[in-house]
Amino acid sequence: MSSSRLLSTVRWAVLGTGSIATDMTQILKQLPSCEVHAAGSRSIESATRFADKWDVPKRYGSYEDACKDPDVDVVYVATPSLRHPADCLLALNNGKAVLCEKSMAPNVDSAREVLEVAKANNLLFVHGVWSRFFPAMQKIREIIDSGAIGDVRSARASFCQNDGAGSCSALLETGIYCAQFLQWVLSDPSDATGGHPVVIGATRKNHAEQSHLDEHVSALLDFGGRMGTFECSLAHVSERSATVYGTKGVIEVPFPFWCPTKIKVTAMSGAGSQVWEEPVEHNFPLPNDIKPLAPFNFVNSEGLSYEAGEVNTCVREGLTETPAFSSGQCLDIMRIITEIDEMSKAN
């Protein structure tokens, strides 16, 4: 791939033809100087159906062939989650930058292998925890740093939905969003490693029928004296919100906290912290230049444009890390998930 072409058009291959691949393809087709060049699937029939629907010029009946296409700059890995490490390595070993859907790996060791290969090959790798790229998340950090809610002492996040028990792990599907939120609001943002929190406690309920997969997990984390709690589930529902608690107030992030467009800040003071000031609401409308070309499958999918746009920028600038979500922070989230998984199995 030539640097001159990278400055004009970034060409993507989409691996996988499911719901999230459908939403992301709609986004990529609307970003400036960006092209969905190839679709890869495990069968040529599936790849062709997808490519025909979305007017993608190249279609491949194997992921390997899509990754070998010499005109592809970035591979979007949207295959079944257990395939993610292998498919990321396939793309990286063929010289492609990678945006991988969460979770990038089942555990920290597998994630580390992928990141080490990306570093060795001097290639961009971005873990698709899209929360990190939303403007509202940046505002939350600004509010914390401003001291508007005093010293942050704790935070919580809840992501429970009844739509997948038995088919996948709640910890990897929804828990990863809780872990990243707690890392974002409780860690020192200047620490590129993520802050290395300690998992204090974790418990789980497994799927029925002797499945080894978790359906409900709760955890307690210690970020250097700042405490974080979360729960995730694929067998029942919650309000799917998050809150940051400080000595002078709180930040509330309502549904959907993992792809937020609204936050509310309430200052509290006086005896017993019973004087509540009028809440200040901050709104962040989704990009108005992104429209669904067909019904989106997921809430706020327009916001996928934030992470995809960041990847395009990094590729054009020759970056191997995105400043918004470093490999160190990514790896530490995977370490948190792995330690919670191990501790909850032991309890």
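Residues numbered from 1 in each chain as written. Predicted model: local features only at pLDDT ≥ 70, side-chain atom pairs only at ≥ 80, totals over all residues. Heavy atoms only, no water.

**Some details on the overall build of the chain**
Phase 1 of the analysis: Each helix and strand counted, the chain has 10 helices and 15 strands in total.
Phase 2 of the analysis: For 347 residues, the compact-globule estimate of 2.2 N^0.38 gives 20 Å, and the C-alpha radius of gyration of the chain, at 20 Å, lies within 12% of that figure.
Phase 3 of the analysis: Counting only C-alpha atoms and orienting by the principal axes, one finds that the chain spans roughly 65 × 45 × 40 Å.
Phase 4 of the analysis: In the chain, which comprises 347 residues, the share counted as buried stands at 53%.
Phase 5 of the analysis: The long-range share in the chain, meaning contacts at least 24 apart out of those at least 6 apart in sequence, stands at 67%.
Phase 6 of the analysis: By element, 51% of the accessible surface of the chain is carried by carbon and sulfur atoms, the whole surface being about 14,500 Å².
Phase 7 of the analysis: Charge separation in the chain, taken as the distance between the mean sites of 30 positive and 42 negative side-chain charges, equals 2 Å. (Helix = DSSP H or I, 4+ residues; strand = E, 2+ residues; numbered from the N terminus. Rg over C-alpha atoms; globule rule 2.2 N^0.38 Å. Buried < 20%, exposed > 50% of the residue type's maximum accessible area, 1.4 Å probe, protein only. Contact = heavy atoms within 4.5 Å. Areas by Shrake-Rupley, 256 points an atom, 1.4 Å probe, with all protein chains shown as cover. Lys, Arg positive; Asp, Glu negative; His and termini not counted. Charge placed at Lys NZ, Arg CZ, Asp CG, Glu CD.)

**Thoughts on the packing of aromatic side chains**
Phase 1 of the analysis: In total, this model carries 8 aromatic pairs according to the counting rule given.
Phase 2 of the analysis: Arranged with centres 5.3 Å apart and planes meeting at 80°, the rings of Trp130 and Phe134 form a pair that is edge-to-face.
Phase 3 of the analysis: Here the aromatic rings of Phe181 and Phe257 are separated by 5.8 Å at their centres, their planes lie at 85°, and the arrangement is edge-to-face. Here Phe257 lies in the loop between strand S12 (249–253) and strand S13 (262–269) and Phe181 lies in helix H8 (residues 170–186), a separation of 76 residues in the sequence.
Phase 4 of the analysis: When its relative accessible area of 0% is taken as the criterion, Phe181 is described as buried.
Phase 5 of the analysis: The class for Phe257 is buried, based on a relative accessible area of 0%.
Phase 6 of the analysis: Here the aromatic residues Phe159, Tyr177, Phe181, Phe255, Phe257 and Trp258 are joined through ring pairs into a cluster of three or more. (Phe/Tyr/Trp six-rings, centres within 6.5 Å; stacked < 30°, edge-to-face > 60°.)

**Thoughts on unusual backbone geometry**
Phase 1 of the analysis: Cis peptide bonds are those with omega within 30 degrees of zero, and the linkage from Lys102 to Ser103 qualifies with -15°.
Phase 2 of the analysis: Counting through the fold element by element, Ser103 comes out in the loop between strand S5 (97–101) and helix H6 (108–120).
Phase 3 of the analysis: The peptide bond linking Phe255 to Pro256 adopts the cis configuration, its omega dihedral lying at -5°.
Phase 4 of the analysis: Here Pro256 lies in the loop between S12 and S13.
Phase 5 of the analysis: Look at Ser273: it is not a glycine, yet its phi comes out positive at around 50°.
Phase 6 of the analysis: Mapped onto the elements, Ser273 comes out in the loop between S13 and strand S14 (275–276).
Phase 7 of the analysis: Phi is positive for Asn300, close to 60°, though the residue is something other than glycine.
Phase 8 of the analysis: With respect to the helices, strands and loops of the structure, Asn300 is situated in the loop between strand S15 (280–283) and helix H9 (304–317).
Phase 9 of the analysis: Look at Asn300 and you get buried, because its relative accessible area is 14%.

**Brief notes about the sheet that holds strand S4 (residues 74–77)**
Phase 1 of the analysis: Read from one edge of the open sheet, 6 strands run S3-S2-S1-S4-S5-S6, paired in parallel fashion. Of all strands in the sheet, those with a lone pairing partner are strand S3 (58–60) and strand S6 (125–128), marking the two edges. Averaged over neighbouring strand pairs, the angle between their axes works out to 20° when direction is ignored.
Phase 2 of the analysis: Sheet analysis places strand S2 (residues 34–40) next to S3, joined by 3 bridges and oriented parallel. When the sheet's bridge partners are listed, Gly40 is paired in S3 with Tyr60. (Pairing = 2+ DSSP bridges. Axes fitted to C-alpha atoms, helices over the stretch in contact; angles between N-to-C directions.)

**Overview of the packing of helix H7 (residues 135–146) against H8**
Phase 1 of the analysis: Contact pair H7 / H8: the axes reach a minimum separation of 9 Å and the direction vectors enclose 35°. Facing H7, whose interface residues are Met137, Gln138, Ile140, Arg141 and Ile144, H8 presents Gln180, Phe181, Trp184 and Val185.
Phase 2 of the analysis: Its residues assigned to classes, the contact of H7 with H8 shows 6 nonpolar, 2 polar and 1 charged. (Nonpolar A, V, L, I, M, F, W, Y, C, P; charged D, E, K, R; others polar.)

Note that all results are geometric; they support no functional claim without further evidence.
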